[in-house]
Amino acid sequence: MKRMIKGLLLVSVSLVMASSQLFAGELVIKGSTTVLPIAQKAAEAYMAEHPDVKISLSGGGSGNGIKAIIDGTADIGNASRFIKQKEVDLAVKKGVYPVPFRVALDAIVPVVNGKNTVANLTMAQLKEIYLGKIKDWKELGGTPGTIVVISRDSSSGTFGVWKDLVMKKERVIPRALTVPSNGGVVQAVANTPGAIGYVGLGYITAEIKAVDVEGVAGSEENTLNGSFPISRGLFMFTKGWPKGDTMAFMSFILSQKGQELVKAAGSIPLF
Amino acid sequence: MGNNATPQGETPLKRQHIDSGVKFSFLFIALFSITVLSLIMVFLFKEGLPILEHVSIKEFVLGKYWYPTDEPADFGILPLILGSLSVTLLSGLMAIPLGIMTAIYLAEIAHPKVAEFVKPIVELMASMPSVVIGFFGMVVVAPFIQKLFNIPVGLNMFNASLMLAFMAIPTICTISEDAIFSVPTALKEASFALGATHFETIFKVILPASLSGICTAVILGLSRAVGETMVVLMAAGGAAMIPGSIFDPVRPLPASIAAEMAEAPFGGEHYHALFAIGIVLFLFTFLFNLMADFISHRFRQVGEASL
């Protein structure tokens, strides 16, 4: 009997120790898959500097990231958009005040084949092309030829931006080719003379041609000054003003070193 | 000891124990793999059927629009089913004649030394990883057929079918060759003795005699094409539209699952819809295999007299 009590005590003591270690420096980050690569790079670098802090990362989308902040199941919620009024209302009702941090910028640039003569398109023209209403390049002042519309899979984050900012929630025609990655879009556009696609700014190569939107070239500079229309901020939300490890992690991401990691992850750093 | 076959030190009883032990361990192993497979099937249905809470079977199978992430979403997989069927049919049109004719050549016409050299090469083709074939279709074949036929885009049904035909030919050829090769020599000799030419013998005696084996070969080859994922993901273009020509891009069932599963929120409508696509795909391949099994039993050549 005595032995058993001793054993139980030992187990409970070790459990308490283990759990206290678990809670010592644990950060839970959830949300947008677009922000995920940034969070991942930052988390790896941060954990290398602070071995006592454990960061667990998961995706699930912007909505889930913000929901996790409101429910308290995460310390940081990633979102590739700003918080919606509905979510703010829900948070306030639960007594939570989500604090947004803009950690990076994201720009999606329309691209065409290198031989294409079209150099500028308006947002309205882009929408009409993806709705299937403009079908031939001659309608846009280019060399006559069928427009081959290339899009991304409906679950891609890049597609999400395109849908929100260009399509304004209307549907891309079923005829559009879907390609599973930014690299796949580059490949398909480079091989198809009549193609139009869209990629993240970091993916533009010499094989394809970036098209100006509303007369503005897609570049880091034009994204930072806000003149390039197909761009957005990437956010991390915290529950109230961050404290402790959360604060330290946010300062790390917003530091010079953190922003270099943002660039390495393929997004546009804030400075 | 004399004639007793029992080795020294082993009583007949012990041998019986070993025997039953071996029997049970094999039974256990067989049951284990069957159980795992059936659990996967249970899982497939458990995860796929909940989609019917959101759409009816008719809307799901016959719906023309696949917009799984829209609000409100559309889960119509008719374009995907037609994409799969058309790609498989077209690849069959290319692979069946080529595969069977190669098999006839190897089994009947080629010099044994040539056949000995060519057969392993055909079998090697079967071991080509599908991702390599898909990549080849995307990077090399797509620009080529786009220029050759002067069509807007090279990633289309024709390209995917061509690549799938490459993959189906070794299966069709190898199994048909075995079937043709196993036609009894007596049949062939009888045909020659009646004055038939080699050509007549092949088409009137050997092919009918090996028909069930050839049918099995064709169905197994096509069922591989139906379930193939990587090639159609990379070369078919991925447009969820009902194809109007063989140069239209299509999005077969497996390509949709592969492209979308990673990002579909766990337990959501889209997730269940993708599993439901898996069920449809499973039914397709199941039907193919059932057909192969039926034909190989029903039309089996028994002996030499039943022709």
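Residues numbered from 1 in each chain as written. Chains lettered and ligands numbered in written order. Predicted model: local features only at pLDDT ≥ 70, side-chain atom pairs only at ≥ 80, totals over all residues. Heavy atoms only, no water.

Regarding the overall build of chain A
In terms of helices and strands, chain A carries 10 helices and 11 strands. Across its three principal directions, the C-alpha atoms of chain A cover 90 × 40 × 35 Å. The buried share of chain A, reckoned over its 271 residues, is 47%. A separation of at least 24 residues holds for 73% of the contacts in chain A among residues at least 6 apart in sequence. Within the structure as shown, chain A displays about 13000 Å² of accessible surface, and the carbon and sulfur contribution to it stands at 59%. Side chains of chain A give 30 positive and 22 negative charges; the mean places of these two sets differ by 8 Å. (Helix = DSSP H or I, 4+ residues; strand = E, 2+ residues; numbered from the N terminus. Buried < 20%, exposed > 50% of the residue type's maximum accessible area, 1.4 Å probe, protein only. Contact = heavy atoms within 4.5 Å. Areas by Shrake-Rupley, 256 points an atom, 1.4 Å probe, with all protein chains shown as cover. Lys, Arg positive; Asp, Glu negative; His and termini not counted. Charge placed at Lys NZ, Arg CZ, Asp CG, Glu CD.)

Digging into the confidence of the model for chain A
In this model, chain A carries a mean pLDDT of 85, and residues with pLDDT of at least 70 account for 91%. Segment residues 15–23 of chain A is flagged for pLDDT under 50; beyond a separation of four residues in sequence, or across chains, it makes zero contacts in the model. (pLDDT = per-residue confidence, 0-100.)

Re the interface of chain A and chain B
Taken together, the contact pairs 21 residues of chain A with 26 residues of chain B. For the pair chain A and chain B, the summed buried area comes to about 2100 Å², and 52% of that belongs to carbon and sulfur atoms. Our enumeration of links across chain A and chain B arrives at three salt bridges. As a salt-bridge pair, B:Asp248 and A:Arg175 come within 3.3 Å of each other at their nearest N and O atoms. No other element matches the three residues that helix 7 (residues 182–191) of chain A contributes to the side of chain A that touches chain B. Here the residues of the side of chain A that touches chain B sort into nine nonpolar, eight polar and four charged. (Buried area = accessible area lost by both parts, 1.4 Å probe. Salt bridge = Lys/Arg side-chain N within 4 Å of Asp/Glu carboxyl O. Nonpolar A, V, L, I, M, F, W, Y, C, P; charged D, E, K, R; others polar.)

Some details on the pattern of salt bridges
All names here are of chain B. With the rule as written, the count across this model stands at 17 salt bridges over all chains. Taking the shortest distance from any N to any O, the salt bridge between Glu 108 and Lys 188 comes out at 3.2 Å. Here the residue Glu 108 occupies a position in helix 3 (residues 78–109), and Lys 188 occupies one in helix 7 (residues 185–193), the gap between them amounting to 80 residues. Overall, Glu 108 belongs to the buried group, its relative accessible area being 11%. In this structure Lys 188 comes out as partly exposed when scored by relative accessible area, which is 23%. Here the salt bridges share partners, and the residues they tie into one network are Lys 119, Glu 123, Glu 177 and Asp 178.

A few points about the domain arrangement of chain B
Residues and elements named next belong to chain B. Under the domain assignment used here, chain B contains domain 1 (12–53) and domain 2 (62–306). Computed over C-alpha atoms only, the centres of domain 1 and domain 2 are separated by 30 Å. Across the boundary between the two partners, domain 1 contributes nine residues, which contact 10 residues of domain 2. Regarding the contact of domain 1 and domain 2, the summed buried area is about 830 Å², with carbon and sulfur atoms giving 85% of it. Interface area lost by domain 1 to domain 2 is led by Leu 44, Glu 47 and Ile 51, which between them contribute 59%. On the surface where domain 1 and domain 2 come into contact, there are two residue pairs in polar contact (both at pLDDT 80 or more). Looking at the side of domain 1 that touches domain 2, its residues break down into seven nonpolar, one polar and one charged. (Domains from an automatic or database assignment. Polar contact = N/O pair within 3.5 Å; in protein donor to acceptor, adjacent residues only side chain to side chain.)

With respect to unusual backbone geometry
Residue and element names in this part refer to chain A. Positive phi is not limited to glycine here, since Lys 169 has a value of about 75°. Within the secondary structure layout, Lys 169 lies in the loop between helix 6 (157–165) and strand 7 (177–179). Here Lys 169 falls in the exposed class, since its relative accessible area comes to 60%. A positive phi angle is found at Glu 214, which is not glycine, with a value near 50°. For Glu 214, a relative accessible area of 44% translates into the label partly exposed.

Description of the environment of B:Leu187
Examined against the element boundaries, B:Leu187 turns out to sit in helix 7. Spatially, the C-alpha atom of B:Leu187 lies 35 Å from that of B:Leu164, the residues being 23 residues apart in sequence.

What about the pairing of strand 4 (residues 98–113) of chain A?
All names here are of chain A. Most of strand 4 sits out of view: 13 of its 16 residues are buried. Taken together, the nine bridges between strand 4 and strand 11 (residues 231–239) define a ladder with antiparallel strand orientation. In the strand pairing of strand 11, Asp 106 is matched with Arg 232. In terms of strand pairing, strand 4 meets strand 8 (residues 195–200) through five bridges, oriented antiparallel. Bridging from a neighbouring strand, Ile 108 pairs with Gly 200 of strand 8. As paired elements, strand 4 and strand 9 (residues 208–210) share three bridges and run antiparallel to each other. Directly across from Val 111, in strand 9, lies its bridge partner Ala 210. (Pairing = 2+ DSSP bridges.)

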